[in-house]
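# Summary of the model geometry
Each chain, written out:
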Number of protein chains: 2
Amino acid sequence: MTRERVYLFDTTLRDGAQTTGVDFSLDDKRAIATLLDRLGIDYVEGGYPGANPLDTTFFSEKRTKNAKFTAFGMTKRAGRSVSNDTGVSALLEAQADAICFVAKSWDYHVRVALETTLDENLAGIRDSVEAACARGREVIVDCEHFFDGYKANPDYALSCAKTAYEAGARWVVLCDTNGGTLPHEVTQIVETVTAVVPGAHLGIHAHDDCGCAVANSLAAVEAGARHVQGTLNGLGERCGNANLITLIGALKLKDAYASRFDLGVADEALGGLTHVSRQVDEILNRQPNRHAPFVGASAFATKAGIHASAVLKDPRTYEHVEPEVVGNLRKVLVSDQGGQSNILAELKRCGFSLEKGDPRIGRVLDEVKRKEAEGFAFEGADASFYVLVKRMLGEVPAFFDVERFSVNVERRYNAMGELVTASEAIVKVRVGDEVLISAAEGNGPVNALDVALRKDLGKYQHLIQDLELVDYKVRIYQGGSDAVTRVLIEFADASGDRWTTIGVSANIIDASFQALTDSMIYKLLKSGAML
Amino acid sequence: MTRERVYLFDTTLRDGAQTTGVDFSLDDKRAIATLLDRLGIDYVEGGYPGANPLDTTFFSEKRTKNAKFTAFGMTKRAGRSVSNDTGVSALLEAQADAICFVAKSWDYHVRVALETTLDENLAGIRDSVEAACARGREVIVDCEHFFDGYKANPDYALSCAKTAYEAGARWVVLCDTNGGTLPHEVTQIVETVTAVVPGAHLGIHAHDDCGCAVANSLAAVEAGARHVQGTLNGLGERCGNANLITLIGALKLKDAYASRFDLGVADEALGGLTHVSRQVDEILNRQPNRHAPFVGASAFATKAGIHASAVLKDPRTYEHVEPEVVGNLRKVLVSDQGGQSNILAELKRCGFSLEKGDPRIGRVLDEVKRKEAEGFAFEGADASFYVLVKRMLGEVPAFFDVERFSVNVERRYNAMGELVTASEAIVKVRVGDEVLISAAEGNGPVNALDVALRKDLGKYQHLIQDLELVDYKVRIYQGGSDAVTRVLIEFADASGDRWTTIGVSANIIDASFQALTDSMIYKLLKSGAML
């Protein structure tokens, strides 16, 4: 059976720019366009030239090599010709391979938002599409609110789609702008539309307001559409757009689709899917979603003891696809629910080459269980687990020894009568034969301690210079009869690596200190530091 | 047209416990069971009695009033009778209204994981269901890996479902354990199963590994199933389970479902949906997902631009449902009716009798928005909200004023050569004309500060004597450009009342101090203390 081609259209740089808290710079846009181009996306929508200076600049040159670089904008306004419409002119001037026009297709919107007639709106669609085709651009028409429009006035919605297609649009895209349409409705409506616009020219643009954006996109493909719009990691206004990363995983890896459809994304590029997803979060300084399908850090993580042993027997028992094909990792969580098989898998993942039956595995398990009884939880603290195992194997040199620290926080009225809180820390550390004392102020006791600890580590100082604390979490945990404080600290370094360490103590400062020093030791081990 | 009842089954406390980083305490379990019960969930699966001491304790009494409290466990093992199976015995001993058995329905798993025969497995299902029915329990059977099993050996998968149903199970639940099944496959397979088990006895249990858990659940309902399993906020192993919060929103609010189906969730409880979702995250110290359908902080947020002005003209233009009905807020209109009515509801809930139209409501709303911009989150800190409102109404007397505090933590080797960490605090407080200085040691800086603060409060001392700190949580929050620390502290008093307060500052000790003093003021107000 010949497989049909499904085309992917990314709108991260346009619709994704509507995400709360996301603000692209020109560099961000360039970097993301490159990621998309390499991944094998067919259309990269770069923005809305003419709407703001950044997007106009971005379209001063073509930003992709293989993907069709696409400019977004509105169809011409009522009451003026295409050549007199500055919006359409900006689109035609843009250095783009394709133009994506957004067109109203809900009669209510035409009247209320555009304040024009239904016929004028159709004329605007036709004239704009024809003008762009005449300039040699490939044309895509996003029919805004198509599904709501179809429910309100099916004839009018269909005539918008038909007008766009007959005027020469390569793709007519049905947009669920409010994200309120349900999968079974998408199936019915897309099937109906194929009578007017052939499926080979139909696209879908879904939002996640009902948690169904991916399913709605797949339903449209099942119903005949061959063009899917979405964003990396599902960025977008409100609940976000359809997540292209998830869609690529599903369309490439699930037999039901892979046997029928082809994508522009090659198998090799698929192996970089996890990397692309995390890279985007990195660029935007967002916390990656651990639970994201296919690419999340926990997407292939197993906690339960029974599941874990089955996964080790045969991964297919609890995995629907292999993590490696998307560049992700299988992870069997170290936790009080796990046994030997969990630990063995975890040791392998962390790069330890212990074989089944090695008595050291049992000792590591005992130590992990002992620590967990105290309140430690290594499933979220890989780096502390790594340091613990290295220490048990006698592979952690005595880099430094903190002989004493003291932290003080004081809140008082200053001379100006203002209430101020000051924090400072003093740390005395021995590095080889050197004894070093450092003091520091910070915006809190942990920050002061962190700064003082890393102020002078003698000969190791250059190796920990680029450490940056990126997250800090605390939770009280009932360990046995007494409450203990569990601190998780995430660090990053200049290479972009991130790792988490844990500390547990009745004393929050003590627990933080353990996590801080674990992190420094991890970084020194990773840097290959020697005594 | 009569609407059919769809039953909701929550497994947050069982399958949700498999989430990376989630570790329930007994108190967490109790609190979440209460939230679910009030929301109107039909079945609350509390855990796996017999599998670990916590779950066994949790099933020592019934934890729900209206919902059917449900115990989870395996069907009897091969080669022994039900009465000799300790697992089944633990289930029958549990104080539960219903028992949910997990049963293998994929022939491959029966052979590889259970290492038994296909017939033995069917006998195990039948005997276990019959034994539980004989003990007066309602029985649910989760057919593990049903969809993969069906694809591999449809006859065997169907005979597992049929056996469970004929043995007396109220519900036979088709589980997509690996989360790899696609919506169109769910539709086809569930339709086939209804020939063997009537839809009125069929359920669905979906995982989100393809980003389709919600859509798969809805597809099963469309195909005839009337029982849906899921978790709050989609907690669960790997990519999580079907998100019950999203499903409740869709089934209650989307016409296509609301016109055909009824839930146990009343309209009034629906208004608390956002609160329930955030409350769970607070309990588990997780960052709420801003983009979550229906309940996310950004779910109804519109960035300035064309959409925003349309939303201002008529919210229906870009909103598929009204945020107020799920207790959420529209984010573009700062002082809109939605915000006002939300605050009004919250004020009523806290016992304030302000009437609609009172100008003080707008002032409270502004103050709450200002504080939230700083990083405060009153969702989980009722007592701080109460104190804030009382203060704005001029109803908080100046009970005491902390003029200065100082906290010190020191870690050093003592005379015995042991590493010790000591914490102490000094507090100077003015109570009326009295100036009182107290010092205290503690097992950490917050404990020392708490003890010193409450050591001598002069004439109010007897009123705060019975306070006990029962929980303490910290999270870093990106407030604007700088990170702030958010502290939540829960106190209890001798009457059994519990309340939570919040503090926010760059400095963790400062934030803790705010939460501690809010809690003392709350207790004094509650005790009716006067100046």
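Residue numbers here run from 1 along each chain, matching the order of that chain's written sequence. Written order decides the labels, with chains lettered from A and ligands numbered from 1. The predicted origin of the model limits local features to residues at a pLDDT of at least 70 and limits the giving and counting of side-chain atom pairs to 80 or more, whereas totals for whole chains, interfaces and linings rest on all residues.

## What to know about the overall build of chain A
Here is the rule we go by: Only runs of H or I of at least four residues qualify as helices and only runs of E of at least two qualify as strands under DSSP, and these elements are numbered from the N terminus. Here a residue counts as buried when 20 or more other C-beta atoms sit within 10 Å of its C-beta, as exposed when there are 12 or fewer, and as partly exposed otherwise, the C-beta atoms being derived from the backbone. Our contact criterion uses C-beta atoms placed from the backbone: two residues qualify when those atoms are within 7 Å.
Along its length, chain A carries 20 helices and 18 strands. When the backbone C-alpha atoms are referred to their principal axes, chain A occupies close to 85 × 65 × 40 Å. Classification of the 531 residues of chain A by burial places 53% in the buried group. Restricting to contacts in chain A with at least 6 residues of sequence separation, those with at least 24 account for 67%.

## Description of the pairing of strand β13 (residues 401-413) of chain A
Spelled out, the test is: We call two strands paired when DSSP finds no fewer than two bridges between them.
When β13(A) meets strand β14 (residues 419-431) of chain A, the two strands line up antiparallel, connected through 12 bridges. Among the inter-strand pairings, A:V409 is bridged to a residue of β14(A), identified as A:S423. As judged from the 9 bridges shared by β13(A) and strand β11 (residues 401-413) of chain B, these two strands associate in the antiparallel manner. Within β11(B), the residue paired with A:R412 across the bridge is B:R404.

## Let's talk about the UniProt feature "domain: Pyruvate carboxyltransferase" (unreviewed entry) in chain A
Quick reminder of the rule: UniProt positions are given in the numbering used here, feature names are shortened, and annotations may be inferred rather than shown by experiment.
Per the UniProt record, "domain: Pyruvate carboxyltransferase" (unreviewed entry) is found at residues 6-271 of chain A. Regarding residues 6-271 of chain A, the helix share stands at 42% and the strand share at 17%, and the terminal C-alpha atoms are separated by 19 Å.

## What about unusual backbone geometry?
Residue and element names in this part refer to chain A. A positive phi angle, close to 50°, is found at H145, a residue other than glycine. Of note, H145 is situated in the loop between β6 (138-144) and α6 (146-152). Here H145 falls in the buried class, since 26 other C-beta atoms lie within 10 Å of it.

## Focus: the interface of chain A and chain B
Interfaces are often described in size by the accessible area the parts lose on coming together. Threshold: Asp, Glu, Lys and Arg are counted as charged, while Ala, Val, Leu, Ile, Met, Phe, Trp, Tyr, Cys and Pro are counted as nonpolar; the rest, among them Gly, fall into the polar class.
Counting residues at the interface gives 86 residues for chain A and 84 residues for chain B. A total of 11 residues in the side of chain A that touches chain B trace back to one element, the largest contributor, which is β13(A). Residue composition of the side of chain A that touches chain B, by class: 37 nonpolar, 27 polar and 22 charged.

## Structural notes on the packing of helix α1 (residues 26-39) of chain B against helix α13 (residues 273-284) of chain B
Residues and elements named next belong to chain B. For clarity, the cut-off: The axes used here are C-alpha line fits, helices contributing only the stretch in contact, and every angle between their N-to-C directions lies in the interval 0 to 180 degrees. With respect to orientation, any angle under 35 degrees is reported as roughly parallel, any angle over 145 as roughly antiparallel, any angle of 65 to 115 as roughly perpendicular, and every other angle as oblique.
Orientation of α1 relative to α13, taken along the N-to-C sense of each, is 175°, at an axis distance of 11 Å. The pairing of α1 with α13 is recorded here as roughly antiparallel in orientation. From α1, D28, A31, I32, L35 and L39 reach across to α13, where they touch V276, Q279, V280 and I283. Residue composition of the contact of α1 with α13, grouped by class: 7 nonpolar, 1 polar and 1 charged.

## Observations concerning the sheet that holds strand β9 (residues 227-230) of chain A
Residue and element names in this part refer to chain A. Pairing is parallel around the closed barrel formed by 8 strands, whose spatial order is β2-β3-β4-β5-β6-β7-β8-β9. Across the sheet, the mean angle from the axis of one strand to that of its neighbour is 25°, orientation sign disregarded. Bridge analysis of strand β3 (residues 43-47) against strand β4 (residues 68-74) gives 4 bridges, and the strand direction is parallel. Looking across to β4, one finds that V44 is bridged to F69. Across the face of the sheet, helix α3 (residues 86-93) comes into contact with β4 and β5 (98-104) while running at roughly 175° to β4.

## Topic: the sheet that holds β11(B)
Strand order in the open sheet made by the 6 strands is β15(A)-β14(A)-β13(A)-β11(B)-β12(B)-β13(B), with antiparallel pairing throughout. In the strand order of this sheet, the two ends are held by β15 (434-442) of chain A together with β13 (434-442) of chain B, each with one partner. Neighbour-to-neighbour, the strand axes of this sheet turn through a mean angle of 10°, independent of strand direction. Pairing analysis gives 9 bridges linking strand β12 (residues 419-431) of chain B to β13(B), with the strands arranged antiparallel. Its bridge partner lying in β13(B), B:V429 is registered against B:L436. Set on the sheet, helix α18 (residues 445-453) of chain B makes contact with β13 of chain A together with β11, β12 and β13 of chain B; between it and β12(B) the angle comes to about 35°.

## Describing the pairing of β9(A)
Regular strands place side chains that alternate from one sheet face to the opposite one. Residue and element names in this part refer to chain A. Where we set the bar: Note on handedness: a crossover is taken as right-handed if, strands pointing away from the viewer, the path from the first strand over the helix to the second is clockwise.
Here β9 shows two buried faces, one formed by H227 and Q229 and the other by V228 and G230. Sheet analysis places strand β2 (residues 7-10) next to β9, joined by 4 bridges and oriented parallel. Its bridge partner being in β9, F9 is matched across the sheet by Q229. In this sheet, β9 lies alongside strand β8 (residues 202-205) in parallel orientation, the contact comprising 3 bridges. Bridge pairing in β9 links G203 to H227. On the question of chirality, the crossover connecting β8 to the parallel β9 by way of helix α9 (residues 213-222) is right-handed.

## So, the nonpolar core
Rule in force here: One nonpolar core equals one set of buried Ala, Val, Leu, Ile, Met, Phe, Trp, Tyr and Cys residues connected by C-beta atoms within 7 Å.
Counting residues in each nonpolar core, the largest one holds 209 residues, and the members touching the most others are A:V141 and B:V141. Setting aside residues no more than four positions away along its own chain, B:V141 makes contact with B:F101, B:A103, B:I125, B:V129, B:A164, B:A169, B:V172 and B:V173. In this structure, A:V364, A:F405, B:V487 and B:I489 belong to the second largest nonpolar core, which totals 105 residues.

## Re α18(B)
Of all 9 residues in α18(B), 9 are buried, a share of seventy percent or more. Looking at α18(B), one finds that the buried residues are B:P445, B:V446, B:N447, B:A448, B:L449, B:D450, B:V451, B:A452 and B:L453.

## Brief notes about the environment of B:V420
All names here are of chain B. Mapped onto the elements, V420 comes out in strand β12. Since 11 C-beta atoms lie within 10 Å of it, V420 is described here as exposed. Counting along the chain gives 79 residues from V420 to W499, while the straight-line C-alpha distance between them is 33 Å. Ignoring sequence-local partners within four residues, the contact set of V420 consists of R412 and N414.

## Focus on helix α20 (residues 508-526) of chain A
All names here are of chain A. Rule in force here: For a helix, the expected span equals 1.5 Å multiplied by the number of residues minus one.
The end-to-end C-alpha distance of α20 is 27 Å, a good match for the 27 Å that 19 residues give at a rise of 1.5 Å each. In terms of burial, α20 is a largely internal element, 15 of the 19 residues being buried. Looking one or two places after α20, you find G528, whose phi comes out positive at around 70°.

## With respect to the environment of A:I343
Position of A:I343 relative to the elements: it lies in helix α15 (residues 340-349). A:I343 gets classed as buried once you count the C-beta atoms within 10 Å, which come to 23.

## Describing the environment of B:S159
Residue and element names in this part refer to chain B. Relative to the helices and strands, S159 is located in helix α7 (residues 154-166). A count of 18 C-beta atoms within 10 Å places S159 in the partly exposed class. For the pair S159 and E144, spaced 15 residues apart in the sequence, the C-alpha separation amounts to 13 Å.

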